[in-house]
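Each chain is listed here by its residues.
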Amino acid sequence: MIDSSVDYKNLPRPTWAEIDIDAILNNINEYKKALGNKVEIIVAAKGNGYGHGMLPIVKAINELDIYGFATGNMYEAIEMRKHGIDKPIQLFAHNFPETADLLVKYDLMPSFVKPGDAKSFADALGKDVALKVWVKCDTGLGRLGLLPEEVLPELEYIRNETSFKIEGLYSHIGPTDSDKNPKKDEYNEGQISCFNKIIDDIEAAGFEIPRYQLSSTYATQRYEKAWYNTVCIGTGVFANAKPQKDSCGLKLKDCLKGIHSRLISKKTLKAGSRCLNMLMENDRVIGVIPFGSCDGFSTRNAGGEVLLNGVRCKILAVCLEHTVLDITNVPDAEIGDVVTLLGQNGERRIDVSEYCERLGISVIEFWCSLSFHSFPHIYVREGQPQEEVIYSYNK
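Residues numbered from 1 in each chain as written. Predicted model: local features only at pLDDT ≥ 70, side-chain atom pairs only at ≥ 80, totals over all residues. Heavy atoms only, no water.

### Considerations on the pairing of strand β21 (residues 384-390)
Two elements, strand β20 (residues 377-381) and β21, share five bridges in a ladder whose sense is antiparallel. Bridging across to β21, Tyr 379 finds its partner in Glu 387. (Pairing = 2+ DSSP bridges. Helix = DSSP H or I, 4+ residues; strand = E, 2+ residues; numbered from the N terminus.)

Written out as structure tokens, the structure reads:
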């Protein structure tokens, strides 16, 4: 009833997520075609690859002609290095000078985001260390970055007082496609103008910065003039993420093909019986699958639906390791049948958008809610499973 090449009948815990590596490679190649040869791509692999599993994904992407990767977690960056990732790795702001020796050891590039960062890291490492660094400026988002008037003094300190090499200057455009920001174009255009002014000022001061980066996924799709010579793609690597106004015509694909489990119990409860705290008003057939809140499946999913043999079934309750279903409308259901929480089952489908609407969360929140510690994520390439990841064990 499902389109899957996974040998799910031999999984020790019969619940799994299926990730399509080919979809990810397709998405990056779509961006490469749109951007051309003069714009480099940084892939944001942060948050465990936006919840999809970082290592199998970056190992596949590492084969492509892109600039490198970015994450805000040095543990993730170190894991990339330990698993053979040789491209540049940019670190979003997170670490203190006390851990600066790890930057040198693993060839990582920190972000300097406030006045004095260059001095504190030079004091920690010594002024003769040729560390590659990125400098971040705040163009109006208000989160992280040097204010426009603080950028030039920090760059001058790096040039005059350290051996650090400036790899790039970057900022982050605000919510380019948020319905809560009706003046988003005006806001984003202001950020672009601010970034241009900073570039003019530092180039007038004699700086030659190798890379300028302002655009993330949606900004890349909306504002060609904000490409400069480098963009940083996150959400758009993993999904068919498109803004309301798309100027690129990208043919993106969702890499999360499905989340499935299998029926481990089926029984009939007579009217008047209880299931957990629910009184059965009529005879009902109750099914149970081994997937629950410990897997990242919120208890708020109760009342939603899953697919069994192509039929929608109501979720009665979500427990820690199990979910209880009303499968009365599927009389042919048998123990071992596949239950689909996300994806295609028979002629019907449940999309991520249904999950997110049900829980009132964003797509990224959903992705990052999924546990890597309790059920396997299986990575498929060219129709064949390539890797199975659970805990820190790679099969």
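### Structural notes on the side chain of Glu 30
Within the element layout of this structure, Glu 30 appears in helix α1 (residues 21-35). Of the residues examined, Glu 30 reaches a relative accessible area of 10% and is grouped as buried. Setting aside anything within four residues of it in sequence, one finds Glu 30 in contact with Gly 249, Leu 250, Lys 251 and Leu 252. (Buried < 20%, exposed > 50% of the residue type's maximum accessible area, 1.4 Å probe, protein only. Contact = heavy atoms within 4.5 Å.)

### So, the pairing of β20
Burial analysis of β20 places four of its five residues in the buried class, which makes it a mostly covered element. Inspection of the sheet shows strand β1 (residues 15-20) paired to β20 by four bridges, in the parallel sense. When the sheet's bridge partners are listed, Ala 17 is paired in β20 with His 377. Between β20 and β21, which pair antiparallel and follow one another directly, the connecting turn spans two residues, one of which, Glu 382, has a positive phi of 50°.

### Remarks on the packing of helix α3 (residues 54-61) against helix α4 (residues 74-82)
Packed helices, taken two at a time, are described by the angle between their axes plus the distance between the axes. Axis separation between α3 and α4 bottoms out at 10 Å; the angle between their running directions is 55°. Between α3 and α4, the interaxial angle falls into the category oblique. Crossing of α3 over α4 shows right-handed handedness. Of the residues in α4, those touching α3 at Met 54, Leu 55 and Val 58 are Glu 76, Glu 79 and Met 80. Classifying every residue of the contact of α3 with α4 by side-chain character gives four nonpolar, no polar and two charged. (Axes fitted to C-alpha atoms, helices over the stretch in contact; angles between N-to-C directions. Parallel < 35°, antiparallel > 145°, perpendicular 65-115°, else oblique. Left-handed = near helix turned anticlockwise from the far one by under 90°. Nonpolar A, V, L, I, M, F, W, Y, C, P; charged D, E, K, R; others polar.)

### Here we look at the nonpolar core
With 115 residues, the main nonpolar core has Ile 61, Leu 169 and Phe 366 as its most contacted residues. Among the elements that line this core, the one with the most residues is α1, at seven residues. In this structure, Phe 366 is in contact with Leu 256, Ile 259, Leu 342, Val 352, Tyr 355, Cys 356 and Ile 361, ignoring residues within four places of it in sequence. Tyr 8, Leu 11, Trp 16 and Ile 378 belong to the second-largest nonpolar core, a separate cluster that totals eight residues. (Core = buried A, V, L, I, M, F, W, Y, C linked by side-chain atoms within 4.5 Å.)

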